[in-house]
Amino acid sequence: MGCATSSTKTKESQTVLAATLIIQNWYRRYRAQLKTRELSALNIFQSIEYADEQSQLQLSNFFRFVLEHYRHIHEKDHKLFNRLFGCSLYDSNRLDHRGLFEVAECYGGPQLQFPLTFTDIYVLIEGYKKRKLLHACYVLEILFETKEALKQMPNFNLVNTSASKGVTVCGDLHGKLNDLFLIFYKNGLPSENNAYIFNGDFVDRGNNSMEILMILFVSFLVYPNDVHLNRGNHEDFLMNMRYGFTKEVMRKYKIYGKRILQILEEIYAWLPLGTIIDKEILVIHGGISESTDLNFLHCISRNKMKSVLMSPIQMRGGHVNELKKHKGDRTTNLSLPEAVAQNEWRQVTDILWSDPRCKRGCYPNTSRGGGCYFGPDITANILSKFQLKLLIRSHECKPEGYEICHDGKVITVFSASNYYAEGSNRGAYIKLKRGKPPRFFQYQVTKTTRSRPLYQRVNTIEISAIRILKEKIISRKTDLTNDFQLQDRDKSGKLSLGQWALSMENVLGLNLPWRSLSSRLVTTDKDGNVDYMSCFSDIHIQKPVKEAQSALIETLYRYRSDLQIIFDVIDTDHSGLISMEEFHSMWKLFRIHYQVPIDDYQVDELAERMDLNNDGSIDFNEFFKAFSVVHKFDKLNNPDTKFA
């Protein structure tokens, strides 16, 4: 009897164990599938992000092209040249702005006292937590003091730690104010005993770039020896035009926005290029190349590069003389600073834009269009050459907030959580002390008190990724359709999966796994053939004018960001208006340079139709807003999803 009972219990235990193992294996496979989907979605975000950055860098060639033609169509060409190539007519001075306005008694935002102290850091943070706006008077004073303080800084700050006093390194914040709040909550506010290095890309993409800048600048002014600010590739006014910071400043500070942006352009150029910790750890925003020379970078005049996107040019005598003839209200003897040497520009571009890769060697960064990819051999050579042990960089979003590569010699740290979409990635920061290994701290800002299940987060990220991918696809509808039809020799409206994937990559060039993405983008028949026009079935571009041709609408939608930046640059008074003549002339140059197959008369006619009050000017912000994408099935998706 006893033996039978024991045998039964043994069999039950074995059955339970077997069931447990089956469940565990199923769950592991399920999680692995979810993780694969998550990485696939992040790959879509990153591919499109890098394609946009490549477009941004390509704009520099267009601006050089414009420089050769612009003076024939606009009498203020000196302003365009100064804006693009870093030649200031004069250095902004606080005396230009003092007395123009003062803090009103009804102002309810943070009130600061100069000279600034630790109390002002606390007051500013508490005010921002209550969503109060810092008065423009305080903003300008902070900016002027920051610029003067940065002028005294070397190209590379030197930081020493000890066993008792360390330093915290933060990566990209990108306007994510809650991430900065969380870092300070977990790690403490900056102080003489709590040093920080913020490794660039403070602004753009997020909604609170201005607040982050003010907190960082005030902290730097209070603790100039303990708060270190490195320049990132987004500390650049041309990047700000595309990725949101320029609009944020103008929206929040209205009539004072132009002054603020002008001073920020100067501050960007004075930000140090990097930081060296304990003579053995190099902290820079992007990376290195085979030609990176730290000794050379220590000596360059970094302030000559207002925009790293613009390569140095050799000015013709005619342009130089014409600029010298200009007489402003402040000076009659203007001279151009010497052109930035090509080597200097490349060196700075490399450290702000480059990315590490597993492949050996150094080769062009084709994804971003600027900087390079550098392999583990390049890292080992450069670190050895300059007697360093470790490279800490940022610049790339990582799912876990940080990543270690190149045999432990390169660390990427990224501090903006939820960068692409809610739940897309963690943020992280690093704590360093002399003689101790780096310590990593991860976090993720969430609006809820409890983290959502993995499948919900993955679904949200996937929906966001597919959404922006479809917007990219619809912007090339005509080109894709032509490519599809070239391969569809039977005119059946269908292609094999391989043919469809090849067309998608040939036209879009995003280096994505189109075969695996096909189930989310197109419909297939029972034989696996793709109905290629189905990838356009649930999305279209809204036409601002019914009579406009589809090819024209697609072209303007595809290039809307580039065109808006171009018009922002020539709109020197930030009015948002340009004359119809300027619009026509600039479009003609754009069409020629980009080889856009659209007749000028089509764009001219569309622009004139959108000049609703017939005043001869066009509100180009409203013009480009008119080209919006409509997603047919938005309502079927989760209405609470926040798309990137």
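I will try to describe carefully the structure that is included in this document. (Residues numbered from 1 in each chain as written. Predicted model: local features only at pLDDT ≥ 70, side-chain atom pairs only at ≥ 80, totals over all residues. Heavy atoms only, no water.)

Let's shift gears to the overall build of the protein chain. Looking only at helices and strands, the protein chain has 22 helices and 21 strands in total. The buried share of the protein chain, taken over its 644 residues, is 52%. Partitioning the contacts of the protein chain with sequence separation of at least 6, the portion at a separation of at least 24 is 75%. On the protein chain, roughly 30,500 Å² of surface is accessible, and the fraction owed to carbon and sulfur atoms is 49%. (Helix = DSSP H or I, 4+ residues; strand = E, 2+ residues; numbered from the N terminus. Buried < 20%, exposed > 50% of the residue type's maximum accessible area, 1.4 Å probe, protein only. Contact = heavy atoms within 4.5 Å. Areas by Shrake-Rupley, 256 points an atom, 1.4 Å probe, with all protein chains shown as cover.)

Close contact between helix H3 (residues 118–129) and helix H6 (residues 209–222) brings their axes to 9 Å; oriented N to C, the two are set at 170°. If you check the angle between H3 and H6, you find them roughly antiparallel. Counted together, Phe118, Asp120, Ile121, Leu124, Ile125 and Tyr128 of H3 and Glu211, Met214, Ile215, Val218, Ser219 and Val222 of H6 form the full contact between these two elements. Within the contact of H3 with H6, the residues separate by chemical class into nine nonpolar, one polar and two charged. (Axes fitted to C-alpha atoms, helices over the stretch in contact; angles between N-to-C directions. Parallel < 35°, antiparallel > 145°, perpendicular 65-115°, else oblique. Nonpolar A, V, L, I, M, F, W, Y, C, P; charged D, E, K, R; others polar.)

Turning our attention to unusual backbone geometry. In this model, Phe114 is joined to Pro115 through a cis peptide bond whose omega is 0°. Take Pro115: it is sitting in the loop between helix H2 (77–85) and H3. Backbone geometry at His395 places phi at a positive 75°, although glycine is not the residue there. For His395, the location among the structural elements is in the loop between strand E10 (390–393) and strand E11 (402–405).

Let us look at the packing of aromatic side chains. Under the counting rule described, the total for this entry stands at 22 aromatic pairs. Measuring from ring centre to ring centre gives 5.5 Å for Tyr363 and Tyr373, while their planes differ by 55°; the resulting arrangement is tilted. Of this pair, Tyr363 sits in strand E8 (residues 362–364) while Tyr373 is found in strand E9 (residues 372–374), placing the two residues ten residues apart along the sequence. Classification of Tyr373 as buried rests on a relative accessible area of 7%. (Phe/Tyr/Trp six-rings, centres within 6.5 Å; stacked < 30°, edge-to-face > 60°.)

Take the sheet that holds strand E15 (residues 494–495) next. Taking strand neighbours across the sheet as the criterion, the three strands line up as E15-E17-E16 in an open arrangement whose pairing is antiparallel. Looking at which strands have only one partner, the edges of the open sheet turn out to be E15 and strand E16 (523–524). Sheet analysis places E15 next to strand E17 (residues 530–531), joined by two bridges and oriented antiparallel. By the bridge assignment, Leu495 is partnered in E17 with Val530. (Pairing = 2+ DSSP bridges.)

We now examine H6. Over its 14 residues, H6 runs 20 Å from end to end, which matches the ideal 20 Å to within 8%, given 1.5 Å per residue. Here H6 lies mainly inside the structure; 14 of its 14 residues are buried. (Expected span 1.5 Å × (residues − 1).)

In this section: the side chain of Arg393. Inspection of the secondary structure puts Arg393 in strand E10. A relative accessible area of 0% means that Arg393 is categorised as buried. A polar contact of 2.7 Å, which involves the side chain of Arg393, links it to the side chain of Glu396. Within the structure, the side chain of Arg393 is placed 3.0 Å from the side chain of Thr412, a separation counted as a polar contact. Excluding anything up to four places from it in sequence, Arg393 contacts Asn199, Ile284, His285, Gly286, Ser354, Asp355, Pro356, Val410, Ile411, Thr412 and Val413. (Polar contact = N/O pair within 3.5 Å; in protein donor to acceptor, adjacent residues only side chain to side chain.)

A separate point is the sheet that holds strand E1 (residues 156–159). Here we have six strands laid out as an open sheet, ordered E1-E5-E6-E10-E12-E11, and mixed in their pairing. The outermost strands of the open sheet, each flanked by one partner alone, are E1 and E11. Mean inter-strand twist for the sheet, computed between neighbouring axes without regard to direction, equals 20°. Here strand E6 (residues 281–283) runs beside E10; their pairing, made up of three bridges, is parallel. Paired with Leu282 across the two strands is Leu391, which belongs to E10.

The next subject is the packing of helix H5 (residues 177–187) against H6. Interhelical geometry of H5 versus H6 gives an angle of 35° and a closest axis separation of 9 Å. Together, Leu177, Leu180, Phe181 and Phe184 of H5 and Glu211, Ile212, Ile215 and Leu216 of H6 make up the contact between the two elements. Each residue belonging to the contact of H5 with H6 can be placed in one class, and the counts come to seven nonpolar, no polar and one charged.

What follows covers the environment of Thr161. Position of Thr161 among the secondary structure elements: in the loop between E1 and strand E2 (167–170). Sequence separation between Thr161 and Gly435 is 274 residues, and the spatial gap between their C-alpha atoms is 9.2 Å. With residues up to four places along the chain from it excluded, the contact list for Thr161 reads Gly166, Val167, Ile277, Asp278, Leu432, Lys433 and Arg434. Among the polar contacts listed, one links the side chain of Thr161 to the side chain of Asp278, at a separation of 2.5 Å.

Attention shifts here to helix H14 (residues 454–474). Over its 21 residues, H14 runs 30 Å from end to end, which matches the ideal 30 Å to within 8%, given 1.5 Å per residue. Across the 21 residues that make up H14, a large majority, 16, are buried.

Among the six residues that make up strand E13 (residues 427–432), five are buried, leaving the element largely enclosed by the rest of the structure. In terms of strand pairing, E2 meets E13 through four bridges, oriented antiparallel. Of the residues in E13, the one forming a bridge with Val167 is Leu432.

With that out of the way, let us pick up the pattern of salt bridges. Applying the stated criterion across every chain yields a total of 30 salt bridges. Here Glu266 ties to Lys147 by a salt bridge, and the two come within 2.9 Å at their closest N and O atoms. Of this pair, Glu266 sits in helix H9 (residues 257–270) while Lys147 sits in helix H4 (residues 136–151); the two residues are 119 residues apart in sequence, bridging distant segments of the chain. Of the two residues, Glu266 and Lys147, both sit in the buried class. Where Lys389 meets Glu280, a salt bridge forms, and the shortest distance between an N and an O atom there is 3.5 Å. You can see Lys389 sitting in the loop between helix H13 (376–385) and E10 and its partner Glu280 sitting in the loop between strand E5 (274–277) and E6, a full 109 residues away along the chain. (Salt bridge = Lys/Arg side-chain N within 4 Å of Asp/Glu carboxyl O.)

Next up on the list: the nonpolar core. Judged by nonpolar contacts, the single largest core of 110 residues is most densely connected at Leu469, Trp500 and Trp514. Every residue in contact with Trp500, bar those within four places of it in the chain, is listed here: Phe484, Leu495, Trp514, Ser518, Leu521, Val522, Val530 and Tyr532. In terms of nonpolar packing, the next biggest core, distinct from the first, is built from 55 residues, Met210, Phe217, Val222 and Leu261 among them. (Core = buried A, V, L, I, M, F, W, Y, C linked by side-chain atoms within 4.5 Å.)

To continue, consider the side chain of Asp562. Note that Asp562 resides in helix H19 (residues 560–570). Sequence-distant contacts of Asp562, that is, excluding residues within four places in its chain, are made with Ser55, Leu59, Arg242 and Phe590.

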